[in-house]
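# Coordinate inspection notes
Given next are the chains, with one letter for each unit.
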Amino acid sequence: MADLLVKICGMTRPEDVVGCTQAGADLLGFIFAAKSPRRVTIEQAAALPRTRAKRVGVFVEQPLDEVLAIMEAAELDFAQLHAGQTPDFCRAVGAQRVIRAFWPQRHPDMAALAAEVARFAGTIGYALLDAGTSGGGHGLSLPFAPLADFSPPMPWLLAGGLGPDNVAEALAQARPHGLDLNSGVESSPGLKELAKVRRSLWAVKGE
């Protein structure tokens, strides 16, 4: 699946930016959420190297003007929104620049999840499904098989506890358009273990 997107989140070090790109990552995430152990400042993100991978800012509770200012200052290609931002908020950032998080475990069934995601048709570039009921980077995984029939009006990424030992299974069962890796390829929060990154990418891309 050469067209599968792989995002690796929680970049904090230059060597991880370069190493993850060389391993085949398409997107790299920089977390600006105040409570995250992987948080970086605007200055830190701006100083990290530019590679062929697209740069994604992860935002939780920042207002619109702050999101836009950080995107410009840190030269970000996408905003990943994790705090229930509205379709209007997403549209204001720019539909094709938004990855918006959704939590299937907040919903009684897949139909309810699908209805929520459908409200964002035309206002986001990608949906991202994460485990738990808020936040991210906690190492938990969603059940993969129930997601096989999830077919939103935009491409979607699967997140939550993904790493070299389960990415192939996640891809085969859930059939997302992309995967978002974070804690499953770390030695500790914000420090990527490049051997795990390479094994994960090989398992899904053969790169």
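Heads up: these notes are all about the structure in this document.

Moving on to the pairing of strand E7 (residues 156-159). Of the two faces of E7, the one carrying Trp156 and Leu158 and the one carrying Leu157 and Ala159 are both buried. Of the strand pairs in this sheet, E7 and strand E8 (residues 178-181) are connected by three bridges, and their pairing is parallel. Residue alanine 159 lies in a different strand from E8, and its bridge partner there is aspartate 180. In terms of handedness, the path from E7 via helix H6 (residues 167-174) over to E8 forms a crossover that is right-handed.

Here the focus is the sheet that holds strand E4 (residues 78-81). Either a parallel or an antiparallel arrangement is found when strands of a sheet pair, and the pairing is made through backbone hydrogen bonds. Within the closed barrel, the eight strands sit side by side as E1-E2-E3-E4-E5-E6-E7-E8. Their pairing is parallel. Averaged over neighbouring strand pairs, the angle between their axes works out to 25 degrees when direction is ignored.

Between helix H1 (residues 14-23) and helix H7 (residues 194-205), the shortest axis-to-axis distance is 9 Å and the interhelical angle comes to 20 degrees. As far as their axial angle goes, H7 and H1 are roughly parallel. The way H1 lies across H7 gives a crossing that is right-handed. On the side of H1, the interface is formed by Glu15, Asp16, Gly19, Cys20 and Ala23, while H7 contributes Leu194, Val197, Arg198 and Leu201.

Relative to the helices and strands, arginine 100 resides in strand E5 (residues 98-102). Nearest to the buried, unbridged arginine 100 among oppositely charged side chains is glutamate 116, at 4.0 Å. When neighbours within four sequence positions are excluded, arginine 100 is seen to be in contact with Leu81, Gly84, Gln85, Cys90, Glu116, Phe120, Ile124, Tyr126, Ala127 and Leu128.

As a further point, take the environment of serine 141. Relative to the helices and strands, serine 141 is located in the loop between strand E6 (126-129) and E7. Accessibility expressed as a relative area gives 33% for serine 141, which makes it partly exposed. Put simply, serine 141 and proline 37 are 104 residues apart on the chain and 19 Å apart in space, counted from C-alpha to C-alpha. Those residues in contact with serine 141 that sit more than four places away from it in its chain are Ala131, Gly160, Gly161 and Asn166. Here glycine 161 takes part through its backbone oxygen, which lies 3.3 Å from a polar atom of the side chain of serine 141.

Here we come to the pairing of strand E1 (residues 5-8). Both faces of the sheet carry side chains from a regular strand, because those side chains alternate between them. By the alternation rule, side chains of E1 split into Leu5 and Lys7 and Val6 and Ile8, which are all buried. In this structure, E1 lies alongside E8, joined through four bridges in parallel fashion. Residue pairing in the sheet places valine 6 in a bridge with leucine 179 of E8. In terms of strand pairing, E1 meets strand E2 (residues 27-31) through two bridges, oriented parallel. Counted as the bridge partner of isoleucine 8 is leucine 28 from E2.

This brings us to the packing of H6 against H7. Between H6 and H7, whose axes approach to 8 Å, the crossing angle comes to 35 degrees. Both H6 and H7 take part in a crossing whose hand is right-handed. Facing H6, whose interface residues are Val167, Ala168 and Leu171, H7 presents Ser200, Ala203 and Val204. The residue makeup of the contact of H6 with H7, split by class, is five nonpolar, one polar and no charged.

On to the environment of proline 152, then. Looking at the element boundaries, proline 152 is found in the loop between E6 and E7. Note on proline 152: relative accessible area 16%, which makes it buried. Considering only alpha carbons, one finds proline 152 and glycine 122, 30 residues apart in sequence, at a separation of 11 Å.

Reading the values: the criteria
- Residues numbered from 1 in each chain as written.
- Predicted model: local features only at pLDDT ≥ 70, side-chain atom pairs only at ≥ 80, totals over all residues.
- Heavy atoms only, no water.
- Buried < 20%, exposed > 50% of the residue type's maximum accessible area, 1.4 Å probe, protein only.
- Helix = DSSP H or I, 4+ residues; strand = E, 2+ residues; numbered from the N terminus.
- Pairing = 2+ DSSP bridges.
- Right-handed = clockwise from strand over helix to strand, strands pointing away.
- Axes fitted to C-alpha atoms, helices over the stretch in contact; angles between N-to-C directions.
- Parallel < 35°, antiparallel > 145°, perpendicular 65-115°, else oblique.
- Left-handed = near helix turned anticlockwise from the far one by under 90°.
- Contact = heavy atoms within 4.5 Å.
- Lys, Arg positive; Asp, Glu negative; His and termini not counted.
- Salt bridge = Lys/Arg side-chain N within 4 Å of Asp/Glu carboxyl O.
- Polar contact = N/O pair within 3.5 Å; in protein donor to acceptor, adjacent residues only side chain to side chain.
- Nonpolar A, V, L, I, M, F, W, Y, C, P; charged D, E, K, R; others polar.

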